[in-house]
Amino acid sequence: QVQVVESGGGLVQPGGSLKLSCAVSGSIFSIYAMGWYRQAPGKQRDLVATITSVGSINYADSVKGRFTISRDNAKNMVYLQMNSLKPEDTAVYYCYADLSLTYYTSRRSYWGQGTQVTVSS
(Lines give C-alpha, C1' and ligand atoms only; values in the text may rest on other atoms or scores of the structure.)
Protein backbone atom coordinates (compact mmCIF):
# COMPACT_ATOMS: atom_id res chain seq x y z
CA GLN A 1 0.00 0.00 0.00
CA VAL A 2 1.34 3.39 -0.99
CA GLN A 3 1.04 6.40 1.25
CA VAL A 4 1.58 10.00 0.19
CA VAL A 5 1.69 12.42 3.10
CA GLU A 6 2.12 16.19 2.90
CA SER A 7 3.23 18.49 5.69
CA GLY A 8 4.26 22.09 6.21
CA GLY A 9 1.15 24.06 5.37
CA GLY A 10 -0.18 26.86 7.49
CA LEU A 11 -0.99 30.55 7.75
CA VAL A 12 1.56 33.07 6.52
CA GLN A 13 1.52 36.80 5.82
CA PRO A 14 1.89 38.14 2.29
CA GLY A 15 5.55 38.20 1.33
CA GLY A 16 6.35 35.35 3.67
CA SER A 17 7.67 31.87 3.04
CA LEU A 18 6.64 28.28 3.66
CA LYS A 19 8.20 24.95 2.81
CA LEU A 20 6.01 21.97 2.02
CA SER A 21 7.25 18.42 2.30
CA CYS A 22 5.82 15.21 0.91
CA ALA A 23 6.82 11.69 1.88
CA VAL A 24 5.99 8.68 -0.27
CA SER A 25 6.14 5.27 1.38
CA GLY A 26 5.20 1.69 0.68
CA SER A 27 6.30 -1.18 -1.49
CA ILE A 28 7.43 0.74 -4.56
CA PHE A 29 9.47 -0.32 -7.55
CA SER A 30 10.20 3.11 -8.99
CA ILE A 31 9.03 6.70 -8.68
CA TYR A 32 9.04 8.75 -11.86
CA ALA A 33 7.60 12.25 -11.64
CA MET A 34 6.64 13.91 -8.37
CA GLY A 35 5.07 17.25 -7.83
CA TRP A 36 2.50 19.60 -6.48
CA TYR A 37 -0.93 20.78 -7.52
CA ARG A 38 -3.20 23.23 -5.74
CA GLN A 39 -6.89 23.88 -5.54
CA ALA A 40 -8.44 27.12 -4.35
CA PRO A 41 -12.09 27.22 -3.22
CA GLY A 42 -14.44 27.02 -6.17
CA LYS A 43 -11.64 26.43 -8.65
CA GLN A 44 -10.13 23.44 -10.41
CA ARG A 45 -6.96 21.71 -9.29
CA ASP A 46 -4.01 23.28 -11.08
CA LEU A 47 -0.40 22.31 -11.60
CA VAL A 48 2.13 24.12 -9.43
CA ALA A 49 5.40 22.29 -10.13
CA THR A 50 6.69 18.90 -11.16
CA ILE A 51 10.07 17.22 -11.09
CA THR A 52 11.16 14.00 -12.79
CA SER A 53 13.50 11.36 -11.40
CA VAL A 54 16.37 12.90 -13.36
CA GLY A 55 15.62 16.43 -12.21
CA SER A 56 13.68 17.90 -15.09
CA ILE A 57 11.44 20.62 -13.65
CA ASN A 58 8.30 22.40 -14.77
CA TYR A 59 6.58 25.33 -13.03
CA ALA A 60 3.28 27.07 -13.51
CA ASP A 61 3.86 30.59 -14.82
CA SER A 62 2.22 32.05 -11.74
CA VAL A 63 4.89 30.66 -9.41
CA LYS A 64 8.05 30.93 -11.51
CA GLY A 65 10.77 32.81 -9.67
CA ARG A 66 9.01 32.41 -6.32
CA PHE A 67 8.63 28.66 -5.78
CA THR A 68 11.32 26.00 -5.93
CA ILE A 69 10.67 22.28 -6.19
CA SER A 70 13.23 19.68 -5.18
CA ARG A 71 13.31 15.98 -4.39
CA ASP A 72 15.35 13.46 -2.47
CA ASN A 73 15.24 10.20 -4.40
CA ALA A 74 16.88 8.24 -1.59
CA LYS A 75 14.13 9.25 0.82
CA ASN A 76 11.24 9.28 -1.67
CA MET A 77 10.47 12.86 -0.76
CA VAL A 78 9.59 16.01 -2.66
CA TYR A 79 9.65 19.56 -1.37
CA LEU A 80 8.19 22.89 -2.37
CA GLN A 81 9.89 26.04 -1.11
CA MET A 82 7.46 28.92 -1.47
CA ASN A 83 8.75 32.48 -1.18
CA SER A 84 7.15 35.88 -1.71
CA LEU A 85 3.76 34.37 -1.07
CA LYS A 86 0.66 36.20 -2.25
CA PRO A 87 -2.97 35.95 -1.16
CA GLU A 88 -3.75 34.29 -4.47
CA ASP A 89 -1.47 31.41 -3.49
CA THR A 90 -4.05 30.43 -0.88
CA ALA A 91 -5.20 26.90 -1.64
CA VAL A 92 -5.02 23.29 -0.62
CA TYR A 93 -1.75 21.93 -1.92
CA TYR A 94 -1.67 18.32 -3.07
CA CYS A 95 1.39 16.19 -3.57
CA TYR A 96 1.46 13.42 -6.15
CA ALA A 97 3.86 10.69 -7.13
CA ASP A 98 3.83 8.94 -10.48
CA LEU A 99 5.11 5.46 -9.75
CA SER A 100 5.00 1.73 -10.41
CA LEU A 101 4.68 -0.95 -7.74
CA THR A 102 6.61 -3.66 -9.56
CA TYR A 103 8.67 -4.06 -12.71
CA TYR A 104 5.62 -5.50 -14.46
CA THR A 105 2.89 -3.09 -13.37
CA SER A 106 1.94 0.10 -15.11
CA ARG A 107 2.74 3.43 -13.62
CA ARG A 108 -0.01 5.49 -12.07
CA SER A 109 -0.35 8.57 -9.88
CA TYR A 110 -0.90 8.48 -6.15
CA TRP A 111 -2.12 11.56 -4.30
CA GLY A 112 -1.90 12.89 -0.80
CA GLN A 113 -4.78 14.30 1.22
CA GLY A 114 -3.60 17.87 0.83
CA THR A 115 -2.29 20.57 3.12
CA GLN A 116 -3.85 24.00 3.52
CA VAL A 117 -1.80 27.09 2.73
CA THR A 118 -3.38 30.41 3.65
CA VAL A 119 -1.72 33.71 2.79
CA SER A 120 -3.35 36.54 4.66
CA SER A 121 -2.53 39.52 6.81
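Residues numbered from 1 in each chain as written. Predicted model: local features only at pLDDT ≥ 70, side-chain atom pairs only at ≥ 80, totals over all residues. Heavy atoms only, no water.

Caption draft 1: A look at the environment of T52. Along the chain, the position of T52 falls in the loop between β5 (45-51) and β6 (57-59). With relative accessibility at 28%, the residue T52 sits in the partly exposed group. Taking the C-alpha atoms as reference, T52 lies 30 Å from P14; in sequence the two are 38 residues apart. Other than its neighbours up to four places away in sequence, T52 contacts Y32, A33 and R71. (Helix = DSSP H or I, 4+ residues; strand = E, 2+ residues; numbered from the N terminus. Buried < 20%, exposed > 50% of the residue type's maximum accessible area, 1.4 Å probe, protein only. Contact = heavy atoms within 4.5 Å.)

Caption draft 2: Looking closely at the side chain of E6. Mapping E6 onto the fold places it in strand β1 (residues 3-7). From its side chain, E6 meets the backbone nitrogen of C95 in a polar contact 2.9 Å long. Excluding anything up to four places from it in sequence, E6 contacts S21, C22, W36, Y93, Y94, C95, G112, Q113, G114 and T115. (Polar contact = N/O pair within 3.5 Å; in protein donor to acceptor, adjacent residues only side chain to side chain.)

Caption draft 3: Region of interest: the state of the cysteines. Per the counting criterion, the structure on display carries one disulfide. Two residues share a disulfide in this structure: C22 and C95, whose sulfurs sit 2.0 Å from each other. Its torsion about the S-S bond being -80°, the disulfide of C22 and C95 is classed as left-handed. Of this pair, C22 sits in strand β3 (residues 18-25) while C95 is found in strand β9 (residues 91-100), placing the two residues 73 residues apart along the sequence. C95 shares its class with C22; the two are buried. (Disulfide = S-S within 2.5 Å.)

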